[in-house]
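Chain by chain, the residues run as shown.
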Amino acid sequence: MTIHWCGTGFSSIPGLRRLIAAGHPVTVWNRTLDKAQEAVGDIASDIRVFDMEALNAATEKGDIVVSMLPGDWHVPLAEMCLAKGAHFVSSSYIAPEMRALNDAAREAGLAFVNEVGLDPGIDHLMAHKLVADYRASDVYAPDNEISFTSYCGGVPKEANPMRYKFSWAPVGVLKALRSPSRSIRDFKEFNVEKPWDALSRYDAPLPTPESFEVYPNRDSLPFMADYNFAPEWPVREFVRGTLRLNGWAEAWADIFAEMGTASDARLQEIADELLRDNAYDEGEADRVILCVDLKAAKGGTAVWHKTYVMDAWGDERGTAMARLVSVPVSLAVEAVMNREIPAGVSPAPADPKLVGRWLGEVEKLAQHMQIVEHA
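Report on the accompanying structure. (Residues numbered from 1 in each chain as written. Predicted model: local features only at pLDDT ≥ 70, side-chain atom pairs only at ≥ 80, totals over all residues. Heavy atoms only, no water.)

## Re the overall build of the protein chain
Then, number 1: Check the secondary structure of the protein chain and you find 14 helices and 16 strands.
Then, number 2: A compact globule built from 375 residues should have a C-alpha radius of gyration of about 21 Å, and the protein chain, at 21 Å, falls within 12% of that.
Then, number 3: Referenced to the eigenvectors of the C-alpha coordinate spread, the extents of the protein chain come out at roughly 60 × 50 × 40 Å.
Then, number 4: Here the contacts in the protein chain between residues at least 6 apart in sequence split such that 70% fall between residues at least 24 apart.
Then, number 5: Here the protein chain displays about 16,700 Å² of accessible surface, and carbon together with sulfur accounts for 48% of that area.
Then, number 6: Of the charged side chains in the protein chain, 37 are positive and 54 negative; the average position of the first set lies 3 Å away from that of the second. (Helix = DSSP H or I, 4+ residues; strand = E, 2+ residues; numbered from the N terminus. Rg over C-alpha atoms; globule rule 2.2 N^0.38 Å. Contact = heavy atoms within 4.5 Å. Areas by Shrake-Rupley, 256 points an atom, 1.4 Å probe, with all protein chains shown as cover. Lys, Arg positive; Asp, Glu negative; His and termini not counted. Charge placed at Lys NZ, Arg CZ, Asp CG, Glu CD.)

## Topic: the packing of helix 7 (residues 122-135) against helix 14 (residues 352-365)
Then, number 1: The geometry of helix 7 relative to helix 14 is characterised by a closest axis approach of 10 Å and an angle of 125° between their N-to-C directions. Considered as vectors, helix 7 and helix 14 are oriented oblique to each other. Crossing of helix 7 against helix 14: the hand is left-handed. Residues Ile122, Leu125, Met126, His128 and Lys129 of helix 7 form the contact with helix 14, whose own contacting residues are Val355, Trp358, Leu359 and Val362.
Then, number 2: Per-class residue counts for the contact of helix 7 with helix 14 are seven nonpolar, one polar and one charged. (Axes fitted to C-alpha atoms, helices over the stretch in contact; angles between N-to-C directions. Parallel < 35°, antiparallel > 145°, perpendicular 65-115°, else oblique. Left-handed = near helix turned anticlockwise from the far one by under 90°. Nonpolar A, V, L, I, M, F, W, Y, C, P; charged D, E, K, R; others polar.)

## Some details on the environment of serine 167
Then, number 1: Mapped onto the secondary structure, serine 167 falls in the loop between strand 7 (145-156) and helix 8 (171-177).
Then, number 2: In the structure, serine 167 is positioned 79 residues away from asparagine 246 in sequence and 20 Å away in space, judged by C-alpha atoms.
Then, number 3: Ignoring sequence-local partners within four residues, the contact set of serine 167 consists of Phe10 and Tyr280.

## Remarks on the packing of aromatic side chains
Then, number 1: One pass over the full model with this rule turns up 23 aromatic pairs.
Then, number 2: Taken together, the ring pairs connect Tyr93, Tyr134, Tyr140, Phe148, Phe223, Tyr227, Phe229, Trp233, Phe238 and Trp304 into an aromatic cluster.
Then, number 3: The side chain of arginine 185 reaches across the aromatic face of phenylalanine 190, ending 3.9 Å from its centre.
Then, number 4: The ring of phenylalanine 223 carries the charged tip of arginine 240 above its face, separated from the ring centre by 4.2 Å. (Phe/Tyr/Trp six-rings, centres within 6.5 Å; stacked < 30°, edge-to-face > 60°. Lys NZ or Arg CZ within 6 Å of the ring centre and 35° of its normal.)

## Observations regarding the sheet that holds strand 6 (residues 111-113)
Then, number 1: If you trace the seven strands from one edge of the open sheet to the other, you get 3-2-1-4-5-6-15, paired in parallel fashion. Two strands close off the open sheet at either side, each with one partner strand: strand 3 (47-49) and strand 15 (344-346). The mean inter-strand angle of the sheet, taken between neighbouring strand axes irrespective of direction, is 20°.
Then, number 2: In the sheet, strand 1 (residues 3-6) pairs with strand 2 (residues 26-30) via four bridges, with the strands oriented parallel. Looking across to strand 2, one finds that histidine 4 is bridged to threonine 27.
Then, number 3: Against the sheet, helix 1 (residues 13-21) contacts strand 1 and strand 2, and its axis sits at roughly 150° relative to strand 2. (Pairing = 2+ DSSP bridges.)

## So, the pairing of strand 1
Then, number 1: Because side chains alternate across strand 1, one face comprises the buried residues Ile3 and Trp5, and the other comprises His4 and Cys6, equally buried.
Then, number 2: With four bridges joining them, strand 1 and strand 4 (residues 64-67) adopt parallel strand pairing. Among the inter-strand pairings, cysteine 6 is bridged to a residue of strand 4, identified as serine 67. (Buried < 20%, exposed > 50% of the residue type's maximum accessible area, 1.4 Å probe, protein only.)

## Examining the side chain of asparagine 30
Then, number 1: With respect to the secondary-structure elements, asparagine 30 resides in strand 2.
Then, number 2: Within polar-contact distance, the side chain of asparagine 30 engages the backbone oxygen of threonine 32 at 2.9 Å.
Then, number 3: Here asparagine 30 is in contact with Gly7, Thr8, Lys35, Ala36, Arg48, Val49 and Phe50, once residues within four sequence places are set aside. (Polar contact = N/O pair within 3.5 Å; in protein donor to acceptor, adjacent residues only side chain to side chain.)

## Examining the nonpolar core
Then, number 1: Within the largest apolar cluster, 71 residues are counted, with the highest numbers of intra-cluster contacts made by Val89, Leu118, Phe229, Met310 and Leu324.
Then, number 2: Take this core: its biggest share by element is 11 residues, from helix 13 (residues 320-337).
Then, number 3: Ignoring any residue separated from it by four or fewer positions in sequence, one finds leucine 118 in contact with Asp123, Cys152, Val288, Leu290, Met310, Met321, Leu324 and Val325. (Core = buried A, V, L, I, M, F, W, Y, C linked by side-chain atoms within 4.5 Å.)

## Examining helix 1
Then, number 1: All of the buried residues in helix 1 are Ile13, Gly15, Leu16, Leu19 and Ile20.
Then, number 2: On its buried side, helix 1 packs onto strand 1, strand 2, helix 2 (33-40) and helix 13.
Then, number 3: Directly after helix 1, the chain includes glycine 23, whose backbone phi takes a positive value near 90°.

## Considerations on the environment of proline 142
Then, number 1: Relative to the helices and strands, proline 142 is located in the loop between helix 7 and strand 7.
Then, number 2: Counting along the chain gives 66 residues from proline 142 to threonine 208, while the straight-line C-alpha distance between them is 34 Å.
Then, number 3: Once residues lying within four places of it in the same chain are set aside, the contact partners of proline 142 are Glu232, Trp233 and Pro234.

In short, geometric facts, not functional conclusions.
Rendered as structure tokens:
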């Protein structure tokens, strides 16, 4: 069995190094050999130039292919795995084309695990933990009104004028701002075309309380079933969203004004300008905040309310973002090796044993992590 780790970019290295250091057989694939050598050449014995044909030839039945490449590679690699009888792991959201492989992967006994990074990934684990705790509580009742929020953001530890910095090409961030979102607000579906039109304030229960700007992103609604929400629960609020430093919307106002009409060429110009003026300096600390909140209320009064809070920043181990994305990916690889993940296409696991174990490992990666009880 060989782990084929594809991609040694910004968010890949800590998890990759963890697997190699643990003695697992790992072949490292990257489009630029020099960058891979620089990242893991001191401990990796097998580094190759990424090429689909070469990877296909090297992959054998029972191997695990990890894609830390751009998202458009995930489905082709998963399809190759299906043909070769190999497992697949990525940190990215499950695209419809990936989900379409579920039946074939299940029939072949192959685990295609996705959404096992930071967000999505760690946020899923926290949500599973909170929902399981609530369901097991003495105050659980199917008619309690439920409110759920999950906000995550990677920000500079020391605020800059733009209230944001980039470790990679900003085009992805700009395109995400063009994407509509779907969530629940006041028991009704809440659709937003422009995220900045749905900004609100979130007070994070950190050791020193701190407020942030937040907005909903993507389509939150399918995650109610993923998080084991019962269909009959009255859901007042359900939103998965992005967290930004206060002042972000004001700093980005001119960019927002162009977003709706900007051509792809103009979008690239904006991205180049942002990266030039707002890139992380060498060794500069980043910061990641994640808050997952679940509240149950009866008659307008909270009867159960907890928030899973994480605050992490760059230190001598490197950036917080890199370790929080890639180490969970490495945990998923080991879970596949140990046959702890069922066959088929799946997101981060809901199994209590895995949730507890993985969150225990995540706690080592963050400077602060706790469950705050409000009620």
